[in-house]
Structures are given as C-alpha cells and as structure tokens.
Amino acid sequence: MFLWRTKMAALWRVTTYLRLLRTSARVLLSSRKPAVNKPGKWRNLLYTGVASFAVGGGLCAIPFRQVENLSHDSLIKRAASLVTDSSSTFLSQATLALVDAITEYSKAVHTLISLQKRYLDSLGRLSPAEEDTIWQVIIGQRAQVNDRQDECKRFESTWINAVKLCETAAEAAYTSGAEHASVTMRTNIQVALSQVEEVQKLSTDAEKKLAETKVMEVERMAQYTASLQNTSDDEEVPEAYLRED
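Residues numbered from 1 in each chain as written. Predicted model: local features only at pLDDT ≥ 70, side-chain atom pairs only at ≥ 80, totals over all residues. Heavy atoms only, no water.

Some words on the overall build of the chain
Link 1 in the chain: Counting its secondary structure elements, the chain contains five helices and zero strands.
Link 2 in the chain: The order of helices and strands in the chain, counted from the N terminus, is α-α-α-α-α.
Link 3 in the chain: Expressed as a percentage of its 245 residues, the buried residues of the chain come to 26%.
Link 4 in the chain: Within the chain, counting contacts between residues at least 6 apart in sequence, those at least 24 apart form 82% of the total.
Link 5 in the chain: Here the chain displays about 17,000 Å² of accessible surface, and carbon together with sulfur accounts for 58% of that area. (Helix = DSSP H or I, 4+ residues; strand = E, 2+ residues; numbered from the N terminus. Buried < 20%, exposed > 50% of the residue type's maximum accessible area, 1.4 Å probe, protein only. Contact = heavy atoms within 4.5 Å. Areas by Shrake-Rupley, 256 points an atom, 1.4 Å probe, with all protein chains shown as cover.)

A look at the nonpolar core
Link 1 in the chain: Counting residues in each nonpolar core, the largest one holds 34 residues, and the members touching the most others are Leu 91, Val 109, Tyr 119 and Trp 159.
Link 2 in the chain: For this core, the secondary structure elements donating two or more residues are α3 (72-121), α4 (128-175) and α5 (179-231).
Link 3 in the chain: The element contributing the most residues to this core is α3, with 14 residues. (Core = buried A, V, L, I, M, F, W, Y, C linked by side-chain atoms within 4.5 Å.)

Things to note about the packing of α3 against α4
Helix-helix packing: each pair is described by the crossing angle between the helix axes and the interaxial distance.
Link 1 in the chain: Viewed as axis vectors pointing N to C, α3 and α4 meet at an angle of 160 degrees, and their least axial separation amounts to 7 Å. Comparing the axis directions of α3 and α4 gives the class roughly antiparallel. Note on packing geometry: the crossing formed by α3 with α4 is left-handed. (Axes fitted to C-alpha atoms, helices over the stretch in contact; angles between N-to-C directions. Parallel < 35°, antiparallel > 145°, perpendicular 65-115°, else oblique. Left-handed = near helix turned anticlockwise from the far one by under 90°.)

Re the pattern of salt bridges
Link 1 in the chain: One pass over the full model with this rule turns up four salt bridges.
Link 2 in the chain: A salt bridge links Glu 104 to Lys 107; the nearest nitrogen and oxygen atoms lie 3.9 Å apart. Residue Glu 104 and its partner Lys 107 are both found in helix α3; the two are separated by three residues, about one turn of the helix.
Link 3 in the chain: Taking relative accessible area as the criterion, Glu 104 reaches 32% and is therefore assigned partly exposed.
Link 4 in the chain: The closest approach of N and O atoms between Asp 205 and Lys 209, which form a salt bridge, is 3.5 Å. (Salt bridge = Lys/Arg side-chain N within 4 Å of Asp/Glu carboxyl O.)

So, the environment of Ala 206
Link 1 in the chain: Looking at the element boundaries, Ala 206 is found in helix α5.
Link 2 in the chain: As a C-alpha pair, Ala 206 and Ile 113 span 93 residues in sequence and 8.7 Å in three-dimensional space.
Link 3 in the chain: Every residue in contact with Ala 206, bar those within four places of it in the chain, is listed here: Ser 106, Val 109, His 110 and Ile 113.

Overview of the confidence of the model for the chain
Link 1 in the chain: Averaged over the chain, the pLDDT score is 77; the fraction of residues at 70 or greater is 65%.
Link 2 in the chain: Note on residues 1-8: pLDDT is under 50 here. Beyond four places in sequence and across chains, it has one contact.
Link 3 in the chain: Note on residues 31-39: pLDDT is under 50 here. Beyond four places in sequence and across chains, it has three contacts. (pLDDT = per-residue confidence, 0-100.)

Here we look at the side chain of Ser 122
Link 1 in the chain: Tracing the backbone through its elements, the reader meets Ser 122 in the loop between α3 and α4.
Link 2 in the chain: A distance of 3.0 Å separates a polar side-chain atom of Ser 122 from the backbone oxygen of Tyr 119. (Polar contact = N/O pair within 3.5 Å; in protein donor to acceptor, adjacent residues only side chain to side chain.)

Concerning the side chain of Ser 203
Link 1 in the chain: Relative to the elements of secondary structure, Ser 203 occurs in helix α5.
Link 2 in the chain: Classification of Ser 203 as buried rests on a relative accessible area of 9%.
Link 3 in the chain: Beyond its immediate sequence surroundings of up to four residues, Ser 203 is in contact with Ile 102, Tyr 105 and Ser 106.

Section: the packing of aromatic side chains
Link 1 in the chain: Applying the stated criterion across every chain, the model contains one aromatic pair.
Link 2 in the chain: On the basis of an interplanar angle of 70 degrees and a centroid distance of 5.3 Å, the ring pair of Tyr 119 and Trp 135 is categorised as edge-to-face. Of this pair, Tyr 119 sits in helix α3 while Trp 135 sits in helix α4, and the two are 16 residues apart along the sequence. A single burial state applies to Tyr 119 and to Trp 135, both of which are buried.
Link 3 in the chain: For the cation-ring pair, Arg 154 lies above Phe 155, with the distance from its terminal atom to the ring centre recorded as 4.5 Å. (Phe/Tyr/Trp six-rings, centres within 6.5 Å; stacked < 30°, edge-to-face > 60°. Lys NZ or Arg CZ within 6 Å of the ring centre and 35° of its normal.)

Some details on α4
Side chains of residues three or four places apart in an α-helix project in the same direction, reflecting 3.6 residues per turn.
Link 1 in the chain: Along its 48 residues, α4 runs 70 Å from first to last C-alpha, staying within 8% of the 70 Å computed at 1.5 Å per residue.
Link 2 in the chain: Positioned one or two residues after α4, Gly 177 has a phi angle of 100 degrees, which is positive. (Expected span 1.5 Å × (residues − 1).)

Structural data, given as structure tokens:
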C-alpha cells in the first residue's frame, strides 16, 4: 500500500511538471514574432525541459534512505574532539606569544649588559655631558627591560591557563572515548612545554650575565671612586657615578 501511494505521488508530480512546462512553452511561443520564430530552437528547449522535469520527477519518486540517528556517545566523542582542536589552537597561540616575549626580553637584557660594560670601559675618559647621555640611554634600556619582563609575565599567565585547559580537554576526550584526540592533545602539550623550557634557558642565562655585570659595575665604581679620592680629596665625584641602579 505504501509503495502504491509513493508511485501515485510521483506520477502526480510528473504530471504537474509537464502541465507547467506545456503552459510555459505555449506562453513563450506565443510571445515570439512569426518573422523571427525558430521552431527548431523551441523544440529543442521543450525536449530539454521535458527531460529535465522527467529526471526530477524520477528522483522525487525514489524514497530517500533515512539517516541513522547518532547516539549520545558518538555526539559526545565528536564534541570532545572539537574541544581538543580549539584548545590546541589556543595553546599554540599562547606558546608563540610567550616564546616571542621571552626572546625579546632576553635581547633587551643583553643590550643593557652591553651598554653597562661600555660605560665601565670608558670610565675617566668621558666628559660630564657624555656621561649624562650614556646614563640616559642606560636608564631607558632598563625601562625597556622592565616592560619586556612584564609582558613575559602576562603571556606566561595566559600560557599556563592554556596548558591547564588542554590537560582538561585531553582528559575529557579520553573519558569520552576519543583516545586519538586525547593522545594528540597530550603530544601538543609536551611540545609546548619543550619550546617554552628551551627559550627560558636563554632568559635565565641573560639574567645571570646581567647580575654578574651589576656586581662588576659596583666593584669598578668603588675602585674608580677610591682612585679619584686618592688623586685629589678636593675633587668631587661626578653625580653619574653615585646614581643607583
């Protein structure tokens, strides 16, 4: 009974299409002037239209197979995979930002070290104006180092949150049955940790050299001040030498 109704419905649709096509073709043919009318062209158009509608009617007559309903488990597994993908993107961006920030911080520290060593090497050979100029540059570089350090702390906080989010997403994917997504997520976490650890070694080394330079600066300034006092007790120590870091 169902099959008979399906065939009748398909036959009704084909009949309706043919009627519509016949009416449209009649209107189009009547609107053309006899002098420029081309029966061959309209005949081909009519045949093409009939064939198209016939194919359409035939497709409509074929009952579509109903898609099987997805289970809750499969839907949760897909959602967990999407969460791991988005979390991986977040972690990748946070890692890149932190790595760049630490790299720029290390460069700023090395620049400051170079400026301080150049100043110490030129002690006693600079005029007060030159000393003041160099100190202004050093002070500006120290401010840049502090800004870079603050940027590192800000991106590090974001990166830590990204790592925690990815760990949670990996655990959720594993418990949901998306083992492949979980393994991929944990691999991405390990890669991010390795990248940050590698670049942190550079910043640690730069900070160590900066501390050594500060110790050397204190010693050199004390020696220079003592030599000035021995040379002349009446000679005043330049103000730049007495400035604090």
